[in-house]
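Reading the structure
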There are 2 protein chains.
Amino acid sequence: MTYQLKAIGKVKNDENGTCIQLEPGYIPGLQALEGFSHINVLWWFSDCDNDAGRNELQTEQPYQGAPEVMGVFATRSPARPNPIALTASEIINIDFTKGMIRVAFIDANDNTPVLDIKPYTPSFDRVEMPGVPTWCREWPKSTEASGCFDWGQVFNF
Amino acid sequence: MTYQLKAIGKVKNDENGTCIQLEPGYIPGLQALEGFSHINVLWWFSDCDNDAGRNELQTEQPYQGAPEVMGVFATRSPARPNPIALTASEIINIDFTKGMIRVAFIDANDNTPVLDIKPYTPSFDRVEMPGVPTWCREWPKSTEASGCFDWGQVFNF
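An account of the accompanying structure is given in this report. For every chain, the first residue of its written sequence is number 1, and the numbers climb from 1 along that sequence. Chain labels run from A onward and ligand labels from 1 onward, assigned in the order the entries are written. Only residues with pLDDT of 70 or above have their local features reported here, since the model is predicted, and side-chain atom pairs are shown and tallied only from 80 upward, although totals for entire chains, interfaces and linings are computed over all residues. The basis for the side-chain values is all heavy atoms of the structure; hydrogens and waters are excluded.

Helix and strand definitions follow DSSP, with helices as H or I runs of at least four residues and strands as E runs of at least two, each counted in order from the N terminus. Here Ser 142 of chain B is to be found in the loop between helix H2 (122-125) and helix H3 (143-146). By relative accessible area, which is 6% here, Ser 142 of chain B ends up buried. Only protein chains enter the calculation, and the probe is 1.4 Å; a residue is then buried if its accessible area is under 20% of its type maximum, exposed if over 50%, and partly exposed in between.

Structure follows, in structure tokens:
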């Protein structure tokens, strides 16, 4: 049994930064998004939508200091059975006519398919006191703190 | 162009509570998940995987006090173009042999297909100071606070 997805839009990176450009038919879906500072963006790891990536269940030490072998469900690795990415992105502005959401950051390449957008709702998405393993205890405690952290020293993938 | 998903497991609700039961082949993917207090669970709104649900772009006042018409991308409505749900669930325990994660809560029916599991990573998932529209400003500020809130008075769907 398989389930079908279709892109609702794309990530666009240009000299002005990063935005999500919706397909014209989906623009009415943005109504009343104003007031939310962040969105959860679900997007497709298109580069890993292949047999090798989708059959990868474990990965070798994806982060500095992490366990030597990790299951993909314990990582954010793009190679996973269903290559769906999740990014909590800060909204800079929304053009409701053009169906364009400019965001502060999204770790996706130009033209990456976007699958869904949900408002970042503290009641459902914000864990006040999340616990993490020792090996990542020094990582930033929030997306805000994450913006000025040197991730190059952490990721092995 | 469509993208294919397959279930990696199911939500199971029984007298002992709620758990995610992985398909046997995916159990190695759990390795090294210990230490994370929460996971992001992506699951399939199977009841809305039909033409009517997937073509719904706007919904009538889904929450008390919300705008009368809202785009689905401004809501958590199960009827949306790609009916993927996202729940940040607290882990109670993990049986790494059986591939079973017992969770405190997940708002999914018994046998709901699970698509992906990601560790709740504060650097990527926890917004310290999220902004929300006036109409939901009284909602709980975290998942912890959400647990003892009367949601029956809020949801219209």
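Now, onward.
The next subject is the interface of chain A and chain B. At the junction of the two partners, chain A supplies 76 residues and chain B supplies 76 residues. Buried area counts how much accessible surface, traced with a 1.4 Å probe, disappears from two parts once they are put together, with both parts' losses summed. Roughly 7,200 Å² of surface becomes buried between chain A and chain B when both sides are summed, with 58% attributable to carbon and sulfur atoms. We define a salt bridge as a side-chain nitrogen of Lys or Arg found within 4 Å of a carboxyl oxygen belonging to Asp or Glu. Connecting chain A to chain B are six salt bridges. Arg 126 of chain B is the salt-bridge partner of Glu 128 of chain A, the closest N and O atoms lying 3.5 Å from each other. Whenever a nitrogen or oxygen atom comes within 3.5 Å of another N or O atom, the pair is scored as a polar contact, on the condition that within protein one atom can donate a hydrogen and the other can accept it, and that pairs from neighbouring residues in sequence are kept only if both atoms are in side chains. Counting the contacts that link chain A with chain B gives 57 residue pairs in polar contact (both at pLDDT 80 or more). We call two residues in contact when some of their heavy atoms are within 4.5 Å.

So, about the relation of the copies chain A and chain B. Between chain A and chain B, which share one sequence, the superposing operator has a rotation angle of 180° and an axial displacement of 0.0 Å; the RMSD is 0.0 Å. Expressed as a symmetry operation, the mapping of one chain copy onto the other fits a two-fold axis. With an isologous cut-off of 70% or more, the 100% of interface residues of chain A that recur at the interface of chain B puts this contact in the isologous class. A least-squares superposition brings the copies together, and it is based on the C-alpha atoms of residues with pLDDT no lower than 70 in both.

Let us look at the sheet that holds strand E4 (residues 38-44) of chain B. All names here are of chain B. For two strands to be treated as a pair, DSSP must find no fewer than two bridges joining them. The antiparallel closed barrel is built from six strands, whose spatial order is E2-E3-E8-E7-E4-E9. In this sheet, neighbouring strand axes are inclined to one another by 45° on average, regardless of whether the strands run parallel or antiparallel. Summarising the sheet, strand E3 (residues 17-22) and strand E8 (residues 100-103) pair through four bridges and their orientation is antiparallel. The residue bridging Ile 20 from the neighbouring strand is Ile 101, located in E8. Between the N-to-C directions of two axes lies an angle of 0 to 180 degrees, each axis being a line fitted to C-alpha atoms and, for a helix, fitted only over the stretch in contact.

In this model, Asn 111 of chain A sits at a positive phi of 75°, which is unusual for a non-glycine residue. For Asn 111 of chain A, a relative accessible area of 38% translates into the label partly exposed. Of note, the phi angle at Ala 32 of chain B is positive, near 75°, even though the residue is not glycine. Residue placement: Ala 32 of chain B occurs in the loop between E3 and E4. Classification of Ala 32 of chain B by relative accessible area gives buried; the value is 7%.

Let us now look at the pattern of salt bridges. What the rule picks out here adds up to 14 salt bridges over all chains. Asp 49 of chain B is the salt-bridge partner of Arg 54 of chain B, the closest N and O atoms lying 2.9 Å from each other. By relative accessible area, Asp 49 of chain B is classed as partly exposed at 31%. Because the salt bridges share partners, they merge into one network encompassing Arg 126 and Glu 128 of chain A together with Arg 126 and Glu 128 of chain B.

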